[in-house]
Amino acid sequence: MSAAEPLRDPGLQPERTRLAWRRTTLSGTVAAVLAMKAALHGGFSVAAGIVCAVCCGLWLGFLALAHRRIRTLASSSRPAALAPRHATATVLLTVALAVCGAALLF
């Protein structure tokens, strides 16, 4: 590190971001469980079973991406930025999970 480059003090920002990822993962888990409960409330149907399976798959995908980001944030005091493809995948998984939840309500 050169003398001209200032030392960056990230403060608590990486920890706050890591905690936000954990909260988001927890809320996604609750949403997926409630969606499956709503689908199976009136008895099992093939369509509800398929939507439940899709919800579980989407939730697992989001969980994997979130866990990867949490590990990255915890690994160093200067974590790498979130890759655009991971950010895009996270947004798409979240929207798809919301669509599946909405489909289960109708």
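The coordinates are above.
Just so it is clear, the structure is predicted and the values come from calculations on it, not from any experiment. (Residues numbered from 1 in each chain as written. Predicted model: local features only at pLDDT ≥ 70, side-chain atom pairs only at ≥ 80, totals over all residues. Heavy atoms only, no water.)

Caption draft 1: Structural view of the packing of helix α1 (residues 13-40) against helix α3 (residues 84-105). α3 packs onto α1 with a crossing angle of 25° between their chain directions and a minimal axis gap of 9 Å. The orientation of α1 relative to α3 falls into the category roughly parallel. In this structure, α1 meets α3 at a crossing whose hand is left-handed. On α3, the residues touching Trp21, Gly28, Ala35, Met36 and Ala39 of α1 are Thr90, Leu97, Gly101 and Leu104. Its residues assigned to classes, the contact of α1 with α3 comprises six nonpolar, three polar and no charged. (Axes fitted to C-alpha atoms, helices over the stretch in contact; angles between N-to-C directions. Helix = DSSP H or I, 4+ residues; strand = E, 2+ residues; numbered from the N terminus. Parallel < 35°, antiparallel > 145°, perpendicular 65-115°, else oblique. Left-handed = near helix turned anticlockwise from the far one by under 90°. Contact = heavy atoms within 4.5 Å. Nonpolar A, V, L, I, M, F, W, Y, C, P; charged D, E, K, R; others polar.)

Caption draft 2: Structural view of α1. The end-to-end C-alpha distance of α1, which contains 28 residues, comes to 41 Å, matching closely the 40 Å that a straight helix rising 1.5 Å per residue would cover. Buried within α1 are the following residues: Pro14, Arg18, Trp21, Thr25, Gly28, Ala32, Ala35 and Ala39. (Expected span 1.5 Å × (residues − 1). Buried < 20%, exposed > 50% of the residue type's maximum accessible area, 1.4 Å probe, protein only.)

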